[in-house]
Amino acid sequence: MKRDLGDGYELDDDPSRVDRDAVHAYLGGESYWAKGRPRDVQDALIDGAERVVGLYHEGEQIGFSRTLSDGHAQSYLADVYVLDAHRGRGLGVELVRFSVEDGPFAETKWFLHTRDAHELYRRFGFTEPSERVLERR
């Protein structure tokens, strides 16, 4: 499924279109959560995802998200990014909306981890966990 965002930007969930070199360059080289992640691990994570979404500008990969899901009840949003040069245009909002609300897992309960994008995710109903949530680190 594709979505045109105008001004040369588009979202696409075709996994064959993902520029794995670009995704690994950002995630393994720049992101705070996956810095140092080996390329073979990144490729395995993409291959094992239920859905990947690419954000493209004039055909170039400038953002990404990855979804893990049991397909029925729970989904996890991971590895979401938009390159710095393209931030401030609402593209992160559209990437999350397309990933969470416009995909096959829209009706599942969603989870994610973030250190710095709480306000973005609150727009989509994400909140701090309840007293019932535990995490093993």
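Our structure is the block above this text.
Predicted model only: the values in this text are computed from it and were never measured.

Regarding its fold elements, the protein presents four helices and six strands. Along the protein, helices and strands appear, N-terminal first, in the series β-β-α-α-β-β-β-α-β-α. Here the protein has a C-alpha radius of gyration of 14 Å; the compact-globule value for 137 residues is 14 Å, and the two agree. Over its C-alpha atoms, taken along the principal directions, the protein stretches across nearly 45 × 30 × 25 Å. Taken over 137 residues, the protein has a buried fraction of 42%. Long-range contacts, defined here as pairs at least 24 residues apart, represent 54% of the contacts in the protein between residues at least 6 apart. Within the structure as shown, the protein displays about 8,100 Å² of accessible surface, and the carbon and sulfur contribution to it stands at 47%. The positive charge centre, built from 19 side chains, and the negative charge centre, built from 27, are 5 Å apart in the protein.

With that settled, consider helix H1 (residues 20-29). Among the residues of H1, Val23, His24, Tyr26, Leu27 and Gly28 are the ones counted as buried. Packed against the buried residues of H1 are helix H2 (39-48), strand S4 (60-69) and strand S5 (74-82). At the N-terminal boundary of H1, the capping side chain belongs to Asp19, with an oxygen 3.1 Å from the backbone nitrogen of Asp21.

Ordered in space as S1-S2-S3-S4-S5-S6, the six strands form an open sheet in which the pairing is mixed. Single-partner strands in this sheet number two, and they are strand S1 (2-6) and strand S6 (109-111). In this sheet, neighbouring strand axes are inclined to one another by 20 degrees on average, regardless of whether the strands run parallel or antiparallel. One ladder, built from four bridges, connects S1 with strand S2 (residues 9-12); its direction is antiparallel. Across the sheet, residue Asp4 finds its bridge partner in S2, namely Glu10.

For soluble globular proteins, nonpolar side chains are generally found buried alongside one another. Counting 21 residues, the largest nonpolar core has Leu77, Val96, Tyr121 and Phe126 as its most contacted members. Among the secondary structure elements, those contributing two or more residues to this core are S2, strand S3 (51-57), S5 and helix H3 (91-100). Per-element tally for this core: the top contributor is H3, with six residues. Counting residues in each nonpolar core, the second largest holds 11 residues, with Val18, Leu27, Ala49 and Phe64 among its members.

Parameters and conventions
Residues numbered from 1 in each chain as written. Predicted model: local features only at pLDDT ≥ 70, side-chain atom pairs only at ≥ 80, totals over all residues. Heavy atoms only, no water. Helix = DSSP H or I, 4+ residues; strand = E, 2+ residues; numbered from the N terminus. Rg over C-alpha atoms; globule rule 2.2 N^0.38 Å. Buried < 20%, exposed > 50% of the residue type's maximum accessible area, 1.4 Å probe, protein only. Contact = heavy atoms within 4.5 Å. Areas by Shrake-Rupley, 256 points an atom, 1.4 Å probe, with all protein chains shown as cover. Lys, Arg positive; Asp, Glu negative; His and termini not counted. Charge placed at Lys NZ, Arg CZ, Asp CG, Glu CD. Polar contact = N/O pair within 3.5 Å; in protein donor to acceptor, adjacent residues only side chain to side chain. Pairing = 2+ DSSP bridges. Axes fitted to C-alpha atoms, helices over the stretch in contact; angles between N-to-C directions. Core = buried A, V, L, I, M, F, W, Y, C linked by side-chain atoms within 4.5 Å.

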